[in-house]
Number of protein chains: 2
Amino acid sequence: MNEHFLLFDVGGTDIKAGLADSNGEILQVLREPTRKVAPEDSAEVLVSQLQQLGTRLQDRAGAAAASAGLIVCGLVDADEGIGIFSANLGWRNAPLKAMTSTALGLPVGFGHDVSLAARAELELGSGAKDEALRHNAVVMIIGTGIATALMVDGRLISAGGYAGELGHSQVPGGFECPCGATGCLETVGSAGAIAKRYFDKTGLKVGAKEVFAARAAGDEFAASIINDAVEALTFTMAQLCSSVAPEGIVLGGGLAQAGPEFFAELEQSLECRLSFHRRPRLISAHLGADAGLQGALILAREASGVQAGQAS
Amino acid sequence: MNEHFLLFDVGGTDIKAGLADSNGEILQVLREPTRKVAPEDSAEVLVSQLQQLGTRLQDRAGAAAASAGLIVCGLVDADEGIGIFSANLGWRNAPLKAMTSTALGLPVGFGHDVSLAARAELELGSGAKDEALRHNAVVMIIGTGIATALMVDGRLISAGGYAGELGHSQVPGGFECPCGATGCLETVGSAGAIAKRYFDKTGLKVGAKEVFAARAAGDEFAASIINDAVEALTFTMAQLCSSVAPEGIVLGGGLAQAGPEFFAELEQSLECRLSFHRRPRLISAHLGADAGLQGALILAREASGVQAGQAS
């Protein structure tokens, strides 16, 4: 049997859509901007956009999909198949799973983008040969913002979609956050915050990578911003050590590419915050930008009832 | 059938032992100091103490127990039946479940004292008629120290025994902690910390209750200590809102009896720390000091159920 699967990764800016074969090979990927419309129309417009992408992918490949996997940003109730809220796209309590299934005429597996990217990372990436990590881990994607997924006792926790919002947990020294709270980790510990704080002081429009380069060249302000980010990140990591006690913290996104020196700084700072707590290993994510589509593939397989490795 | 159950709640100071009938009525309770011996002997001495208590309880009642429930303090691996570590009592990686089962000649259900007291509270107390709470809740016992259990997506999380140590998570303004870390919630937010800080300043050896009374009488230092405790507690609660997003936080222990004004202060302070996060209800625990024995009874029933199923 050669089943195909449609994969959709809906972000605030772009939709990535892909078609995978039964071996899990992602044959084609389309990427287009998520259409911006009035909030009350957002779910219907999204689903029609997914339907068109799905048709194009299947037509190109000359293959009919057996099922689809759909992951979306924002607050998600995966069990109920509902997009609770997306600040960027506007829907509220939209039954996205059922709507997409009806539009495509296919069974659809549905979930939260970060959770599924994390599941892919733990099942297929850094956790593939690491049972302890697959059982108890935090996956933290540090880019413009900070997204987090918590794997505890072998299950990704959800709490109705509200779990794992560590980018919006308070840290000492945090600033006002667009979310409405004050002191969020994202305002100090993200790559976006490092770039923004450097710009605010110097007027130089650079990315976090350039701020690291500036530090290496002796720029003391760059060094202090990065030090603040390290302290903020390990403050939150230590909170997680006392609440969910991960065996490892898998770091992805732009900031995770800052190199081994940065990981060593994080480890040293985290160690100072702990006593009897279990020490998490800090691990660089193995999967890159397509972790989301890999996660959608996990859902698509589950929806079709085909497990990885079953080819019969 | 009139089955009886032996119940043991082993704390750092005392052991409470009880015998319950098949209706869940706890017929008798004995309490005696936990024997202090060299760490390497601690597990064997404990088990022999439990055996003697069990014999006395069964002799007095003229009834033979069908199973036992044993809960202990410290770090516990409930699945493996192991007491990982107790700072007060000294054991390390002791197979307490198997040892006690052998000594009593009974099936034994085994777990962590705080986790089981929390389970009892959620199944029989504040959560008995509150499904949302039974599914996603934090139970926080605020006394000399602060003990916490996390119920997430319908399961108490364990992380190999390391989860839920929120008393030892960092808060701004926290002090050096006997655990070895600096800034632990317990050093500011516990009833013990309130009493200690008041004593350090005034030389008056009183409990947290008297510090609340002093505040009511206009004592500004008492007010500032209590305010620090409120801020520290809600800082940690807000962390939990962004990580495990409870529907409710159940407060037990001495400080939970400080009255509705204290709860209102906590609610107000917590609200200031949140934005899109799910708002937890703050709830006073319904079960009192015997929550632990009630939790041991849950385990004892489960242990006897397994046995009955295996025998048929």
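The preceding data block contains the structure.
Residues numbered from 1 in each chain as written. Chains lettered and ligands numbered in written order. Predicted model: local features only at pLDDT ≥ 70, side-chain atom pairs only at ≥ 80, totals over all residues. Heavy atoms only, no water.

Novice: How should the pairing of strand β13 (residues 281–284) of chain B be read in this particular structure?
Specialist: Working note: regular strand, side chains alternate between the two faces of the sheet. Residues and elements named next belong to chain B. Sheet topology note: the strand β12 (residues 248–252)/β13 ladder contains 4 bridges and is parallel. Bridge pairing in β13 places Ile-249 opposite Leu-282. Following the chain from β12 across helix α9 (residues 260–271) to the adjacent parallel β13, one finds a crossover that is right-handed. (Pairing = 2+ DSSP bridges. Helix = DSSP H or I, 4+ residues; strand = E, 2+ residues; numbered from the N terminus. Right-handed = clockwise from strand over helix to strand, strands pointing away.)

Novice: Looking at this model, I keep getting lost on the relation of the copies chain A and chain B. Mind explaining?
Specialist: The transformation that overlays chain A on chain B combines an axial shift of 0.0 Å with a rotation of 180°, and the residual RMSD is 0.1 Å. What the superposition gives is, in effect, a two-fold axis relating one chain to the other. Rotation axis and chain A: the residue whose C-alpha lies nearest the axis is A:Pro172, separated from it by 3.3 Å. The fraction of interface residues of chain A whose copies in chain B are also interface residues reaches 100%, indicating that both copies meet through the same surface. (Least-squares fit on C-alpha atoms with pLDDT ≥ 70 in both. Contact = heavy atoms within 4.5 Å.)

Novice: In this structure, what is going on with the sheet that holds strand β2 (residues 14–20) of chain A? I would like to understand it.
Specialist: Strand pairing in a sheet is mediated by backbone hydrogen bonds. Such pairs are either parallel or antiparallel. Residue and element names in this part refer to chain A. What the 5 strands build is an open sheet, ordered β3-β2-β1-β4-β8; its pairing is mixed. Each end of this open sheet is capped by a strand with a single partner; those strands are β3 (26–33) and β8 (108–112). Neighbour-to-neighbour, the strand axes of this sheet turn through a mean angle of 15°, independent of strand direction. In terms of strand pairing, strand β4 (residues 65–72) meets β8 through 5 bridges, oriented parallel. Directly across from Ile-71, in β8, lies its bridge partner Gly-111. (Axes fitted to C-alpha atoms, helices over the stretch in contact; angles between N-to-C directions.)

Novice: What is the right way to read the side chain of B:His4 from this model?
Specialist: All names here are of chain B. In this fold, His-4 is placed in strand β1 (residues 4–10). What makes His-4 buried here is its relative accessible area of 10%. Excluding residues that lie within four positions of it along the chain, His-4 makes contacts with Leu-19, Ala-20, Asp-21, Leu-27, Ala-63, Ala-64, Ala-65, Ala-66 and Ser-67. (Buried < 20%, exposed > 50% of the residue type's maximum accessible area, 1.4 Å probe, protein only.)

Novice: Hey, could you run me through helix α7 (residues 208–216) of chain A in this one?
Specialist: Helical periodicity: at 3.6 residues per turn, an α-helix aligns residues three or four positions apart in one direction. Residue and element names in this part refer to chain A. For α7, the set of buried residues is Ala-208, Val-211, Phe-212, Ala-214 and Arg-215. Projection of α7 onto a plane perpendicular to its axis shows the buried side chains occupying an angular sector of 160°, all on one side. Turned more than 90 degrees off the buried face of α7, the exposed positions are Lys-209 and Ala-216. In this structure, the buried residues of α7 make contact with α6 (191–202), α8 (220–243) and α9 (260–273). Phi turns positive, to about 100°, at Gly-218, one or two residues after α7. (Arc of directions from axis to C-beta.)

Novice: Teacher, can you tell me more about the sheet that holds strand β7 (residues 92–94) of chain A here?
Specialist: Residues and elements named next belong to chain A. As summarised here, the arrangement of the 3 strands in space is β5-β6-β7, forming an open sheet in which the pairing is antiparallel. Two strands bound the open sheet, and with one partner strand each, they are β5 (75–77) and β7. Strand-to-strand twist of the sheet, defined as the mean angle between neighbouring strand axes without regard to direction, takes the value 20°. Judged from the 2 bridges that link them, strand β6 (residues 82–85) and β7 form a sheet pairing that is antiparallel. Its bridge partner being in β7, Phe-85 is matched across the sheet by Arg-92.

Novice: Could you clarify how one ought to interpret the side chain of B:Thr236 in this entry?
Specialist: Relative to the elements of secondary structure, B:Thr236 occurs in helix α8 (residues 220–243). Residue contacts for B:Thr236: discarding those within four places in its chain leaves B:Met140, B:Leu166, B:Ser169, B:Val171 and B:Leu185.

Novice: Looking at this model, I keep getting lost on the interface of chain A and chain B. Mind explaining?
Specialist: Interface size is often expressed as the accessible area that is lost when the parts come together. Taken together, the contacts link 37 residues of chain A with 37 residues of chain B. In this assembly, chain A packs against chain B so that about 3,000 Å² is buried in total across both faces, 58% of it on carbon and sulfur atoms. Taken together, the links from chain A to chain B amount to 0 salt bridges. Joining chain A to chain B, the criterion identifies 22 residue pairs in polar contact (both at pLDDT 80 or more). Those elements that provide at least two residues to the side of chain A that touches chain B are β10 (146–152), β11 (155–156) and α8 of chain A. Residue composition of the side of chain A that touches chain B, grouped by class: 19 nonpolar, 13 polar and 5 charged. (Buried area = accessible area lost by both parts, 1.4 Å probe. Salt bridge = Lys/Arg side-chain N within 4 Å of Asp/Glu carboxyl O. Polar contact = N/O pair within 3.5 Å; in protein donor to acceptor, adjacent residues only side chain to side chain. Nonpolar A, V, L, I, M, F, W, Y, C, P; charged D, E, K, R; others polar.)

Novice: Is there a simple way to explain the pattern of salt bridges in this structure?
Specialist: All names here are of chain B. All chains considered together, the criterion is met by 24 salt bridges over all chains. Arg-56 is the salt-bridge partner of Glu-32, the closest N and O atoms lying 3.3 Å from each other. Of the two residues, Glu-32 sits in strand β3 (residues 26–33) while Arg-56 sits in helix α1 (residues 42–61), which places them 24 residues apart along the sequence. We classify Glu-32 as buried; its relative accessible area is 18%. Across the pair Arg-215 and Glu-261 runs a salt bridge, and its minimum N-O distance is 3.9 Å.

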